[in-house]
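# Breakdown of the fold
The primary structure of each chain is shown beneath.
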Amino acid sequence: MANGETMVEHRLDAEGADPLMLAGVNDRNMHELSRLFSVRVVMRGDHLVLTGPLPAVERAVPVVQHMIELARLRAPFDTTDIARFTDGVDALGMEGIVHPNDEVRIALPGSRRVIVPKSDGQRCYVRAIQANDIVIGIGPAGTGKTYLAVAAAVDALYKKRVKRIVLARPAVEAGENLGFLPGDLQEKVDPYLRPLYDALEDMMPHERVQRALEDSTIEIAPLAYMRGRTLSDAFVILDEAQNATRAQMKMFLTRLGLNSRVVITGDKTQIDLPSKSDSGLLEVEEILGGIEGIDFVYLDAKDVIRHRLVKDIIRAYERDDAAEAVGS
């Protein structure tokens, strides 16, 4: 007994699992399990043994079982994934874990990569993109909104479902006022579009990205460049949409042409417009809700795929914002 709690030892069969993949380099996965659940975790032959208070062991078992399944399938995961598995199980039980054989995956033949959603929210987001002509993904930084949208766009281009990809962003926070910046127009806007270049080059060979940019198969441009155009046979992404005004949002949405798909991503907590109420992302929820073919997907801290501290930081700010709202 420890503090009146029943201490138990639970053995899980790990036969067939890759031991290095399961334990992690220098046993880092085992250490992460111990940190998350306050249990002792050791490998004994073909078994993984959990020792600790009964409630902690019961909470850890489904996460460890999933890790063993992944290691048997040689599907890689790391400590940040373990934290996500834990959040999913805590919220939804075993249904909260995205399994490696889930049908929602994006294969990118050019880079020989398979991108699989790493949370339930991400899985819903990818399914929505596959099923709707317009998807609006709303959530904090690090939830994969832009990355998964770009992956879906590249997938559609490889499979010839579209003829081109168009990626747009409000170029600067204050309504695309570029005049005060040094350099020519391309040099002015490139820093604001760099995250889109980075996402593309993570999914396609660098040379292919450059060729696609040169022949306009892929276009990366400030949102203002969309005015007056009709975008047909295209996969169109508007990133950082919280910084698009109502007029810009309407202009962008009405660019949709035949055989095109649109994904809009944004974070309502990061509006940089002079007046937050001017954000087109806030209004679009009210205006477009309930229209068939348009889907809204909401991601939150559970879907963060960056460093585990990012999730804690987001939650800390949410608590502070809530306290400030109560105080006011």
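For the structure itself, consult the block above.
Residues numbered from 1 in each chain as written. Predicted model: local features only at pLDDT ≥ 70, side-chain atom pairs only at ≥ 80, totals over all residues. Heavy atoms only, no water.

### Digging into a nonpolar patch on the surface
Nonpolar side chains collect at one region of the surface, where L309, I313 and Y317 lie side by side and expose about 320 Å² of accessible area between them. In this fold, I313 is placed in helix 11 (residues 308-327). Relative accessible area serves as the criterion here: at 46%, I313 is assigned to the partly exposed category. (Patch = residues over 30% accessible without salt bridge, like charges linked within 9 Å, V, L, I, M, F, W, Y side chains within 5 Å. Areas by Shrake-Rupley, 256 points an atom, 1.4 Å probe, with all protein chains shown as cover. Salt bridge = Lys/Arg side-chain N within 4 Å of Asp/Glu carboxyl O. Helix = DSSP H or I, 4+ residues; strand = E, 2+ residues; numbered from the N terminus. Buried < 20%, exposed > 50% of the residue type's maximum accessible area, 1.4 Å probe, protein only.)

### What about the pairing of strand 7 (residues 164-169)?
With 5 of its 6 residues buried, strand 7 lies for the most part within the structure. When strand 7 meets strand 9 (residues 234-238), the two strands line up parallel, connected through 5 bridges. Along strand 9, the bridge assignment pairs V166 with V236. In this sheet, strand 8 (residues 218-222) lies alongside strand 7 in parallel orientation, the contact comprising 5 bridges. Residue pairing in the sheet places L167 in a bridge with I220 of strand 8. (Pairing = 2+ DSSP bridges.)

### Section: the sheet that holds strand 9
A sheet is described by the order of its strands in space; here 6 strands give the open sequence 8-7-9-10-6-11, paired in parallel fashion. The sheet is open, and its two borders are formed by strand 8 and strand 11 (294-298), each paired with just one other strand. In this sheet, adjacent strand axes meet at a mean angle of 15 degrees when their direction is disregarded. Across the sheet, helix 5 (residues 120-131) touches strand 6 (134-138), strand 9, strand 10 (261-266) and strand 11, and the angle it forms with strand 10 is around 150 degrees. Against the sheet, helix 6 (residues 145-158) touches strand 6, strand 7, strand 8, strand 9 and strand 10, its axis set at about 170 degrees to strand 9. (Axes fitted to C-alpha atoms, helices over the stretch in contact; angles between N-to-C directions. Contact = heavy atoms within 4.5 Å.)

### Some remarks on the sheet that holds strand 3 (residues 47-53)
Ordered by their spatial adjacency, 3 strands build an open sheet running 1-3-2, and the pairing between neighbours is antiparallel. What marks the edges here is a single partner per strand, and that holds for strand 1 (7-13) and strand 2 (40-44). Across the sheet, the axes of successive neighbouring strands diverge by a mean angle of 20 degrees, strand direction being ignored. Pairing between strand 2 and strand 3: 5 bridges, direction antiparallel. Bridge pairing in strand 3 links V41 to L50.

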